[in-house]
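This is what each chain is made of:
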Amino acid sequence: MKWTFALVLPVFFVVAAAAQNTPRAEDFLVLPAVTEYGPQITPYLKYQVNLAWQQDEIRRKRFEQIRDEKELLRVQQELRAKLLAMIGGLPEVKTPLLPQITGRVQMDGFHIEKIIFQSLPQVYVTALLYVPDDGKKHPGILVPCGHSPAGKDYYQALAQRLVHQGYVVISWDPVGQGERSQFWDAKEKKSRYNLICAEHAVLGNLAYLAGTNLARWEIWDGIRAVDYLLTRREVDGERISITGTSGGGTQTALIAALDPRIKVVAPSCYITALPMRMFNRIFKDPDSDPEQDLYGMVSQGLDHPGLLLLMYPRPVFVAAAVLDFFPIEGTHKTFREVEDLYRRLGHADRIAMTEGYHEHQYSAENQLAAIRFLDRFNGLAAQPEPPALKNLDSATLQCTRTGQVMTDYNDARSLMEEIHDYARASHAGAKTSLQALYYGKGYPEIRNWKVREYDGELRTEQAIAWQATGSGRVGDIVIDKYVLHHSGELTMPLLHFYKPAARSRNLVFWFSDKGKARAEDWEAITKYVNAGSEVISFDFRGLGETRMPYKAVSPDDPALGRLSYDEAYGNSLSSVLAGYVYNSLLIGRPYFLQMVEDMEIATRFAQSHCHAARISVVGEGDSAIVARAAGQVLSSLAVSAAPDSSPLTWMQIVNEKRELWPIQYLVPDGARLAP
């Protein structure tokens, strides 16, 4: 079923409700009641994607201007610098790997070595090395893992196909998966979060605040895996390749983009066009994957075409699935764009693509097509059909004694500690101004918008058009209802509380984590009205009455599925709101700053229509962080602390290594901002 949910009210109407002393839930509703449940393309989602396409058009035109290899290499240099900035740079020193071989499994024609190395001091990486038994030198290949609780064990079929073909294969557990859980409960013998995407969400959200990205550590693990391959006498260091799928496809693209030692690249089930991915992520793949959403990846002209361009002139093979949640149309668009550059510069033979008619997986047919491409550029001849693949259980492939590096090694460092230390080291200098960030790139010039009455036309790109939609009364307090139209099709439901017999030009903005006031907040509202102020309360975009009427939770985590609609909507591990937040990061305008934009829009309305002379802002609970930010940014607002307001700050979250916190307050590099 789908909801029928009109965000734009077609006609003006007034409801003169009979006075009552107890507020009802409907007294706080501005938009028509929602009657059906299901996903939908909301005006806010359309707003995000339209902005992404505008930004992508700028990038596309820039790529079209490339006429020769010299210009392409100049663009590459720009993109590489941007990519490094997005992940907060890479570690400057390659510390000793200190590899250990903890076991060996003999197979038919090859053996598997169980390896543990340190990508950073006390950051232990568990890996499997598949080695042909003939004693000769072979090309090496990295197989980074996608999202599976089994980590490297899950990808043994691909690794076995490659080793039979003549490659030395290294496949390792990504942080947060397999034997590298960062939140392992030794007593319960499980992670506090699922080992598919949830640990990545916890780690990645904190990394954003520190001014980096989880991808930084994933890329570094891959670079150090190359370093390890180069220590092995069985490996030809001039022939190093990489292939992986899903989250492993992400790592394949990012590692290859930043490590030129990798000569042939084959990402699977990842490459697409990000504006298309933004459109379907909430419906098809709601898990939070911060490592896939680099801050500014679309707005700064990178996107997936930029990642592929960073591989030029190396051979690139793109494997795709027609029914994937990474939209196949985006894969075609991106591939054709980069293929055209390869062709125009004389390297048409170095780029190819395959697609299988199936859902999100590195199918056997796609693997074999990728291997044929890899073989061609590694000088390997076609081999007879390999013996039947033998699937080994996790216990057989376990590298550690206990099954987890965090319990095997007393000195093991959690990535939460690494992120915390990164923040402290990189933020030792002067703080950055939130006001400078707000009014910087992406600010829509709200201060210059006109404020007018709504006339039914969607001419609201540079205007705030207010629409009165009703009025009610509770005791001696009137509740006027408005919809503010702005930014094209966006709407803001707004309530104005006041006593007609005691009008005041002192006004208070009041809100909570869930948006504007509800019936249960009546006591908090009347406190300010009875003290002589008028109160305005409104819903931020994507919250309250503008929420998508859909419960998007991970199919991989039954615990998330049991959450109520309210609990699930803003869950930081998997939710509609998290999808909105990550989309906002891709377009370079954090959702938190858009909340402040909504505050500025409401302020312009209050000053123009309600004749407010002094406006105070109060945020209940953790939402005090928005109130404080608005007071820092907008000179017309004064901050009034609510009695139960939390002293939440971004640096506090990082210092405490807090695992869960409201996703809407995510600001990249927020720990650097002055509190």
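Higher on the page you've got the structure.
Thresholds applied
- Residues numbered from 1 in each chain as written.
- Predicted model: local features only at pLDDT ≥ 70, side-chain atom pairs only at ≥ 80, totals over all residues.
- Heavy atoms only, no water.
- Helix = DSSP H or I, 4+ residues; strand = E, 2+ residues; numbered from the N terminus.
- Buried < 20%, exposed > 50% of the residue type's maximum accessible area, 1.4 Å probe, protein only.
- Salt bridge = Lys/Arg side-chain N within 4 Å of Asp/Glu carboxyl O.
- Axes fitted to C-alpha atoms, helices over the stretch in contact; angles between N-to-C directions.
- Parallel < 35°, antiparallel > 145°, perpendicular 65-115°, else oblique.
- Left-handed = near helix turned anticlockwise from the far one by under 90°.
- Contact = heavy atoms within 4.5 Å.
- Nonpolar A, V, L, I, M, F, W, Y, C, P; charged D, E, K, R; others polar.
- Expected span 1.5 Å × (residues − 1).
- Pairing = 2+ DSSP bridges.
- Phe/Tyr/Trp six-rings, centres within 6.5 Å; stacked < 30°, edge-to-face > 60°.
- Lys NZ or Arg CZ within 6 Å of the ring centre and 35° of its normal.
- Core = buried A, V, L, I, M, F, W, Y, C linked by side-chain atoms within 4.5 Å.

Run through unusual backbone geometry, naming residues and quoting values.
Across the junction of Y312 and P313, the peptide omega takes the value 0°, indicating a cis bond. As for its placement among the helices and strands, P313 is situated in the loop between α8 (303–309) and β10 (316–321). One non-glycine residue, L98, lies in the positive phi region at around 45°. Inspection of the secondary structure puts L98 in the loop between α2 (69–86) and β1 (100–106). Even without a glycine there, the phi angle at D303 is positive, about 50°. Among the structural elements, D303 can be located in helix α8. With a relative accessible area of 1%, D303 lands in the buried category.

Please give an account of the pattern of salt bridges that cites residues and values.
All told, the structure shown has 45 salt bridges when counted by the stated rule. As a salt-bridge pair, D340 and R344 come within 2.9 Å of each other at their nearest N and O atoms. In this pair, D340 and R344 both sit in helix α9 (residues 328–344), four residues apart, roughly one turn of the helix. D340 sits in the partly exposed class, given a relative accessible area of 26%. Across the salt bridge formed by R518 and E520, the nearest N and O atoms sit 3.3 Å from each other. A residue is classified by how much of its surface remains accessible, and R518, at 32% relative accessible area, is partly exposed. Each of K94, R224, D227, D259 and R261 takes part in salt bridges that share partners, so that together they form one network.

Provide a residue-level description of the packing of helix α1 (residues 43–64) against α9, including the pertinent values.
Put simply, α1 and α9 touch, their axes get as near as 12 Å, and they point 15° apart. Put simply, α1 runs roughly parallel to α9. For the pair α1 and α9, the crossing hand works out as left-handed. The segment α1 lies against α9, with W53, D56, R59, R60 and F63 engaging K333, E337, L341 and R344. A class-by-class count of the residues in the contact of α1 with α9 yields three nonpolar, no polar and six charged.

Describe helix α4 (residues 198–209), listing the residues and the values that go with them.
The periodicity of an α-helix, 3.6 residues per turn, causes residues three or four positions apart to be oriented the same way. If you check α4, its first and last C-alpha atoms are 17 Å apart, about what twelve residues at 1.5 Å a residue would give, namely 16 Å. Most of α4 sits out of view: twelve of its twelve residues are buried. Of all the positions in α4, only A198, E199, H200, A201, V202, L203, G204, N205, L206, A207, Y208 and L209 are classed as buried. Looking at the buried side of α4, the elements it contacts are β7 (190–191), α5 (214–229), α13 (415–426), α18 (576–586) and α21 (650–655). Directly beyond the C-terminal end of α4, a positive phi value near 90° is found at G211.

Which residues make up the sheet that holds strand β15 (residues 490–498), and what are the values?
Pairing within the open sheet is mixed, and its eight strands lie in the order β12-β13-β14-β15-β17-β16-β18-β19. Looking at which strands have only one partner, the edges of the open sheet turn out to be β12 (450–453) and β19 (637–639). For this sheet, the mean inter-axis angle between neighbouring strands, taken without regard to orientation, is 30°. Two elements, strand β16 (residues 506–511) and strand β18 (residues 614–619), share six bridges in a ladder whose sense is parallel. The residue of β18 that forms the bridge with W510 is V618.

Please set out the pairing of strand β3 (residues 123–132) residue by residue, giving values where relevant.
Taken across its ten residues, β3 has ten buried, putting it largely inside the fold. Side chains V123, V125, A127, L129 and V131 of β3 all project onto a buried face; the interleaved residues Y124, T126, L128, Y130 and P132 project onto the opposite face, where all are buried too. Across ten bridges, the pairing between strand β2 (residues 110–120) and β3 is antiparallel. By the bridge assignment, F110 is partnered in β3 with P132. The antiparallel pairing of β2 with β3 creates a hairpin that spans two residues between the two strands, and Q122 there sits at a positive phi of about 65°.

If you had to explain the packing of aromatic side chains to someone new, which residues and values would you point to?
Applying the stated criterion across every chain yields a total of 33 aromatic pairs. A network of ring pairs unites the aromatic residues Y37, F283, Y550, Y565 and Y569 as a single cluster. Cation over ring: R503 sits above Y498, and NZ or CZ is 3.9 Å from the ring centre.

Help me get a handle on the nonpolar core, residues and values and all.
Counting residues in each nonpolar core, the largest one holds 160 residues, and the members touching the most others are I170, F509, F592 and M599. When near neighbours in sequence (up to four residues on either side) are disregarded, F592 contacts I625, V626, A629, W650, Q664, Y665, L666 and V667. Counting residues in each nonpolar core, the second largest holds 34 residues, with L162, Y167, V169 and F373 among its members.

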